[in-house]
Amino acid sequence: MSLELINIIKNAVCLNQGEISQYSYIASILHRNLKEEFNTKHLNKENVSNALEALINYLNRNFNRVSEENFKILHKYFKKRSSQKPRICIKANYGSNIVELFRDSEVDYIAEYPIETNTGFDHVHKNGTYYLCNNIPEHAKSGQYINPRLHLDIVKKYQPKFFNKLTSNGTHDQDWISCWSHSNPQEPSLSSAYKSTLIIPLTLKNNQLSDIYKKLTNIENIDRTIFGFLCFDHIETNYFKENLDVEIGYIFADLLSLFLIQRLNYTSSSDTFIKAIKYLHKIS
């Protein structure tokens with residue numbers, strides 16, 4: 001392991017150590033404020049609503065900020081591999097759909113769809129392990145990869161170019177770009193027509209969890225629950241190095257999962273939070 005890689009990991013651990021400490025502490029105070037407002041003798045709708053909103057806003061806003069800082073460190077890890085950066089985002093499953101939480105850059109399409117319509121997320125959801133595809137054009141043509149944004153009828157006609165991404169004169173693989181749906185077909189996002197993808201689950205799967213913790217979370221099979229997905233993609237084929245990138249991906253996924261777990265502790269695993277939601281819904 002190189003000194004540069006060690007420094008990247010060290011910086012990531014240091015960043016998240018401080019961030020999770022304050023994230024948990026401040027969230028606990030905001031949660032306590034909500035509990036105190038909800039347990040007063042004379043409930044006040046506005047006060048409960050404000051306390052609930054303050055908690056949710058803090059949890060979401062700061063997880064977004066921390067995610068962006070982790071994305072910056074990950075880009076340092078990948079910086080020497082290509083002139084084009086990989087795209088990085090965090091997604092989650094909401095019901096039976098995949099939804100986008102945070103991304104390192106904007107996209108020109110709606111990124112919400114049923115889990116089973118995307119081979120990568122379907123694999124991770126069913127198996128609880130990472131998914132890597134370093135040649136999406138080849139796998140899509142053979143029916144081994146599906147994505148709701150890919151036009152399979154066009155994919156079947158696609159012929160791989162002799163160049164991977166760009167030729168010396170800057171020519172893009174327009175045929176591959178045309179295989180993808182874009183909100184603005186006249187000005188498609190080149191980075192969204194990717195050829196390699198890596199998806200890492202945010203999970204407690206390999207941890208030894210006590211029965212008490214499992215019971216208190218109010219989540220069935222929490223040690224098998226996937227809290228989210230750390231996603232990478234790139235416009236070149238064979239971009240990801242499985243033996244190294246998967247391990248690095250899991251390190252960052254494990255660090256980021258701590259924030260989602262804290263969010264869980266103060267929201268869906270909290271009796272106070274659930275009661276406050278029901279109370280506000282009932283009187284609205």
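Keep in mind that this is a model prediction, so the values were computed, not measured.

## Considering the sheet that holds strand S2 (residues 97-103)
Within the open sheet, the six strands sit side by side as S3-S2-S1-S6-S5-S4. Their pairing is antiparallel. One side of each edge strand has no neighbouring strand; the edge strands of this open sheet are strand S3 (113-114) and strand S4 (131-133). Sheet topology places strand S5 (residues 196-203) next to strand S6 (residues 226-234); eight bridges connect them, and they run antiparallel. Following the sheet pairing, Ile200 is matched in S6 by Leu230. Lying over the sheet, helix H2 (residues 45-78) contacts strand S1 (87-94), S2 and S6, oriented at roughly 140° with respect to S1.

## Quick look at the packing of helix H1 (residues 3-38) against helix H9 (residues 271-283)
For the pair H1 and H9, the least separation of the axes is 10 Å and the interaxial angle reads 50°. By the criterion of interaxial angle, the relationship of H1 to H9 is oblique. Handedness of the H1/H9 crossing: left-handed. Seen from H1, the contacting residues are His31, Leu34, Lys35 and Phe38; seen from H9, they are Thr272, Phe273, Lys275, Ala276 and Tyr279. Grouping the amino acids of the contact of H1 with H9 by side-chain chemistry returns five nonpolar, two polar and two charged.

## Regarding the layout of surface pockets
Quantified by volume, the largest pocket comes out at close to 550 Å³. Lining the largest pocket are 16 residues, and of these Ala92, Asn93, Phe227, Leu260 and Arg263 lie nearest its centre. Going through the elements one at a time, H2, S1, S2, S6 and helix H8 (242-266) are the ones with two or more residues in the lining of the largest pocket. In this model, the second largest pocket occupies a volume close to 200 Å³. For the second largest pocket, the full set of lining residues is Ser2, Glu4, Leu5, Ile8, Lys76, Tyr77, Phe78, Lys79, Lys80, Arg81, Lys241 and Leu244. A class-by-class count of the residues in the lining of the second largest pocket yields five nonpolar, one polar and six charged.

## Re the packing of H1 against H8
Remark: H1 packs on H8, axes separated minimally by 9 Å, with the N-to-C direction vectors making an angle of 10°. Between H1 and H8, the angle is such that the two are roughly parallel. Contacts between H1 and H8 pair Leu5, Ile9, Ala12, Val13, Asn16, Glu19, Ile20, Tyr23, Ser24, Ala27, Ser28 and His31 from the former with Leu244, Ile248, Ile251, Phe252, Leu255, Leu258, Phe259, Gln262, Arg263 and Tyr266 from the latter. Residue classes in the contact of H1 with H8 are distributed as 15 nonpolar, five polar and two charged.

## Notes on the pairing of S2
Strand direction decides the pairing type here: S1 and S2, joined by six bridges, are antiparallel. Residue Tyr94 lies in a different strand from S2, and its bridge partner there is Asn97. What sits between S1 and S2 in their antiparallel hairpin is a turn of two residues, with Gly95 showing a positive phi close to 70°. Pairing analysis gives two bridges linking S2 to S3, with the strands arranged antiparallel. Directly across from Ile98, in S3, lies its bridge partner Tyr113.

## What to know about the pairing of S6
Taken across its nine residues, S6 has nine buried, putting it largely inside the fold. In terms of strand pairing, S1 meets S6 through five bridges, oriented antiparallel. Each bridged residue has a counterpart across the sheet, and for Ile90 the counterpart in S6 is Leu230.

## Comments concerning unusual backbone geometry
In this structure, Asn238 is a non-glycine residue whose phi angle is positive, near 55°. Relative to the assigned elements, Asn238 resides in the loop between S6 and H8. Looking at Asn238, the relative accessible area reads 58%, which means it is exposed.

## Notes on the side chain of His182
With respect to the helices, strands and loops of the structure, His182 is situated in the loop between helix H6 (174-177) and S5. Given a relative accessible area of 14%, His182 falls into the buried group. A polar atom in the side chain of His182 sits 3.5 Å from the backbone oxygen of Trp180. Polar side-chain contacts of His182 include one of 3.4 Å to the side chain of Ser192. Setting aside its immediate chain neighbours within four residues, His182 contacts Asp108, Arg149, Ile177, Pro188, Ser189 and Ser192.

## Comments concerning the confidence of the model for the protein chain
Across the protein chain, the average pLDDT comes to 88, with 88% of residues at 70 or higher. Here helix H7 (residues 211-216) stands out as the least confident element of the protein chain, with mean pLDDT 60; S4 is the most confident, with 98. Note that pLDDT drops below 50 for residues 166-170; the model gives that stretch three contacts with residues more than four away or on any other chain.

So, how was this worked out
- Residues numbered from 1 in each chain as written.
- Predicted model: local features only at pLDDT ≥ 70, side-chain atom pairs only at ≥ 80, totals over all residues.
- Heavy atoms only, no water.
- Pairing = 2+ DSSP bridges.
- Helix = DSSP H or I, 4+ residues; strand = E, 2+ residues; numbered from the N terminus.
- Contact = heavy atoms within 4.5 Å.
- Axes fitted to C-alpha atoms, helices over the stretch in contact; angles between N-to-C directions.
- Parallel < 35°, antiparallel > 145°, perpendicular 65-115°, else oblique.
- Left-handed = near helix turned anticlockwise from the far one by under 90°.
- Nonpolar A, V, L, I, M, F, W, Y, C, P; charged D, E, K, R; others polar.
- 1 Å grid on protein atoms, 1.4 Å probe; cavity = no way out; pocket = protein on both sides within 12 Å on 5 of 7 lines; lining within 4 Å.
- Points joined across faces, edges and corners; volume = space filled by probe spheres on them.
- Buried < 20%, exposed > 50% of the residue type's maximum accessible area, 1.4 Å probe, protein only.
- Polar contact = N/O pair within 3.5 Å; in protein donor to acceptor, adjacent residues only side chain to side chain.
- pLDDT = per-residue confidence, 0-100.

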